[in-house]
Amino acid sequence: MQFIITDAWLARSRAIHLSGGRLVAALCATSVLLMLVAALMYHWVFLKGARDRWPVVGTLVRFVVQDEFEQRDRFMRENLDAMARRLGEMQARMMQLEALGERVSGLAGVNPNELKMHGTGRGGALVQGRPLSIEELQATLDDLEQLTGERTDLLTVMESRLIDARLKKAMVPTQNPVAGAPVGSRFGWRIDPFNGRQALHTGLDFQANAGTPILAAAGGVVVTSEAHPEYGNMVEVDHGNGLITRYAHGSRLIVKKGDLVKRGQQLALVGSTGRSTGPHLHFEVLVQGVQQDPYKFLNASSQAVAQIAEKARSR
């Protein structure tokens, strides 16, 4: 393409030759320039019209701004309504959690009235419903956060109580040290089988075949695992608080001093070592070094179960 430019004053003319590529580039540059000028003019007219309140432009600007605000307000309202519904669901779940906490507190030995939440009771007839404002929603969230913290404190206390009770139960010798074995001689005075005289029997004798496993009546630490002149192969387990269980006359010792054992763990095998007339386990419970009747400890769990069943039947 060729353009001819003529100057009337100078009586001259000039020819410009444009190839296809140059023509396209020139058209693109011209289009971009026109768009920039149009955008600047549009922006200037709207700003000038809005600032000076031109009749048509000012009305149009206010309409555009109002529509934008309405869309933004509608978006926020929809989100607030969704958050309010979720908040209602969370409050309902918190009330269920509170009821559950009160039931569990009885098992943990915690008085629920001492840790009762204040200001959590809600109810009444719905007179007129209305959307929540942001301030009201924030206040409700703050209340829910406080309630959650209080519930967490209560559950932490109950967890500590339950763990403590479980540990105490685990450290009390309530499991039969020889599964299914009948009891021969009980705790108390009897005729000694060696000299025929009356003597105090300081434990329980469980009749069992040689090699029968001897189990820990509770968890603890092995403080003795050795051969004794009278008790034969003997194991002693310390359960804390001055409570020790003794397992005597074993044929073989399995644990050693310093071992940590848990309830029901195998300690030794039944035998007839030491001062014994035949295979059996001599089982003792010592509190502060004094022998106690082991039957009271072994029977404690069954008595507790019977008491619970009796209470359930009386309701």
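Right, let's walk through the structure included here. (Residues numbered from 1 in each chain as written. Predicted model: local features only at pLDDT ≥ 70, side-chain atom pairs only at ≥ 80, totals over all residues. Heavy atoms only, no water.)

## Structural notes on the nonpolar core
Point 1. Ranked by internal contacts, the top residues of the largest apolar core, which has 22 residues, are F206, Y247, L267 and F283.
Point 2. At the level of secondary structure, the elements contributing two or more residues to this core comprise β5 (204-207), β8 (232-240), β9 (243-253), β11 (266-270) and β12 (280-287).
Point 3. With sequence-adjacent residues up to four places away left out, F283 is seen in contact with P177, G203, L204, F206, A217, T245, R246, Y247, P294 and L298.
Point 4. Membership of the second largest hydrophobic core comes to 6 residues, among which are L80, L87, L137 and L144. (Core = buried A, V, L, I, M, F, W, Y, C linked by side-chain atoms within 4.5 Å. Buried < 20%, exposed > 50% of the residue type's maximum accessible area, 1.4 Å probe, protein only. Helix = DSSP H or I, 4+ residues; strand = E, 2+ residues; numbered from the N terminus. Contact = heavy atoms within 4.5 Å.)

## Focus: the layout of surface pockets
Point 1. In this structure, the largest pocket spans a volume of roughly 440 Å³.
Point 2. R190, H201, H249, R275 and H282 are the residues nearest the centre of the largest pocket, which is lined by 22 residues in total.
Point 3. Within the residue set of the lining of the largest pocket, elements represented by two or more residues are β4 (198-201), β5 and β12.
Point 4. Class assignment of the residues belonging to the lining of the largest pocket gives a composition of 6 nonpolar, 10 polar and 6 charged. (1 Å grid on protein atoms, 1.4 Å probe; cavity = no way out; pocket = protein on both sides within 12 Å on 5 of 7 lines; lining within 4 Å. Points joined across faces, edges and corners; volume = space filled by probe spheres on them. Nonpolar A, V, L, I, M, F, W, Y, C, P; charged D, E, K, R; others polar.)

## What to know about the side chain of H249
Point 1. Along the polypeptide, H249 turns up in strand β9.
Point 2. Judged by its relative accessible area of 5%, H249 is buried.
Point 3. Within polar-contact distance, the side chain of H249 engages the backbone oxygen of T273 at 2.7 Å. (Polar contact = N/O pair within 3.5 Å; in protein donor to acceptor, adjacent residues only side chain to side chain.)

## A short note on the pairing of β8
Point 1. Of all 9 residues that make up β8, 7 are buried, and the element is covered over most of its length.
Point 2. In the sheet, strand β7 (residues 220-228) pairs with β8 via 7 bridges, with the strands oriented antiparallel. For H228, the partnering residue across the bridge sits in β8 and is G232.
Point 3. Taking the residues between adjacent antiparallel strands as the criterion, β7 and β8 are bridged by 3 residues.
Point 4. Here β8 runs beside β9; their pairing, made up of 6 bridges, is antiparallel. (Pairing = 2+ DSSP bridges.)

## So, the environment of A248
Point 1. Residue placement: A248 occurs in strand β9.
Point 2. With a relative accessible area of 1%, A248 lands in the buried category.
Point 3. Considered as a pair, A248 and Y231 are 17 residues apart in the sequence and their alpha carbons are 5.1 Å apart.
Point 4. A248 has contacts with Y231, N233, M234, H280, L281 and H282, leaving out every residue within four places of it along the chain.

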